[in-house]
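Residue strings, one per chain:
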Amino acid sequence: MTIETESAKNTLARTAENLIRVRALRTEVFPSDIFDEHAWNMMLRLFVAQANDHAMSESELIAATGTPPGVGQRWLAHLVADGQIEPHAAGGTIALTPSALERMEGFLRNASATHQTDGPT
């Protein structure tokens, strides 16, 4: 990861985990099919895994996001084609690309700052 300190890495990972929890809460209140964002869920989960030095397999990522297997595989192929995740062998580990990781870090810094205030400044 490009994060300078372990503390900063942990803060961004907690922010990503909080976003995942908030999305789960939303699913309890509203039908999940109106908010399906499989690719975003996958990217958040991959960020948390990478921040915690945990490698995820394709099947583990698909299961962690609650995505149907066929849908998950199609989204993974799209994310590879879009340059968001590294190409991987079937059943191999999956990781965000350095560019996606850097952009995710920037997004999570901004999201964290927004959650700590009354909104964007």
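In case you missed it, the structure is sitting above this.
What you see is a predicted model; the values in this text were computed from it and never measured.

J.: What exactly am I supposed to notice about the nonpolar core here?
T.: Across soluble globular proteins, nonpolar side chains have a tendency to be buried as a group. If you look at the biggest cluster of nonpolar residues, it comprises 26 residues, and the most contacted ones within it are Leu46, Phe47, Leu61, Leu76, Ile85, Leu96 and Leu108. Counting residues per element, this core draws most heavily on helix H2 (residues 38–51), at 9 residues.

J.: Please clarify how the pattern of salt bridges should be interpreted in this entry.
T.: For side chains bearing opposite charge, pairing can occur when the charged atoms are close. Counted under the stated rule, the structure contains 3 salt bridges. Here Lys9 ties to Glu6 by a salt bridge, and the two come within 3.6 Å at their closest N and O atoms. Linking Lys9 with Glu6, this pair stays in helix H1 (residues 6–29), spanning 3 residues, or about one helical turn. Given the relative accessible area of 10%, Lys9 is considered buried. It is possible to trace a salt-bridge network through shared partners that takes in Glu6, Lys9 and Asp53.

J.: Just checking my understanding: could you explain unusual backbone geometry for this structure?
T.: Residues apart from glycine generally show negative phi values, whereas peptide bonds are mostly found in trans. Positioned with a positive phi, Asp53 is a non-glycine residue whose angle comes to about 55°. Relative to the helices and strands, Asp53 resides in the loop between H2 and strand S1 (56–57). A residue is classified by how much of its surface remains accessible, and Asp53, at 65% relative accessible area, is exposed.

J.: Where do I start with the packing of H2 against helix H5 (residues 98–115) in this structure?
T.: Helices that pack against each other are described as a pair by the angle of their axes relative to one another and the distance between those axes. Packing of H2 against H5 leaves a shortest axis separation of 11 Å and a crossing angle of 95°. Regarding the angle of H2 to H5, the classification is roughly perpendicular. Each of Trp40, Met43, Leu44, Phe47 and Gln50 in H2 lies in contact with H5, whose residues at this interface are Ala100, Leu101, Met104, Glu105, Phe107 and Leu108. When grouped by side-chain class, the residues that make up the contact of H2 with H5 number 9 nonpolar, 1 polar and 1 charged.

Thresholds, definitions, all that
- Residues numbered from 1 in each chain as written.
- Predicted model: local features only at pLDDT ≥ 70, side-chain atom pairs only at ≥ 80, totals over all residues.
- Heavy atoms only, no water.
- Core = buried A, V, L, I, M, F, W, Y, C linked by side-chain atoms within 4.5 Å.
- Buried < 20%, exposed > 50% of the residue type's maximum accessible area, 1.4 Å probe, protein only.
- Helix = DSSP H or I, 4+ residues; strand = E, 2+ residues; numbered from the N terminus.
- Salt bridge = Lys/Arg side-chain N within 4 Å of Asp/Glu carboxyl O.
- Axes fitted to C-alpha atoms, helices over the stretch in contact; angles between N-to-C directions.
- Parallel < 35°, antiparallel > 145°, perpendicular 65-115°, else oblique.
- Contact = heavy atoms within 4.5 Å.
- Nonpolar A, V, L, I, M, F, W, Y, C, P; charged D, E, K, R; others polar.

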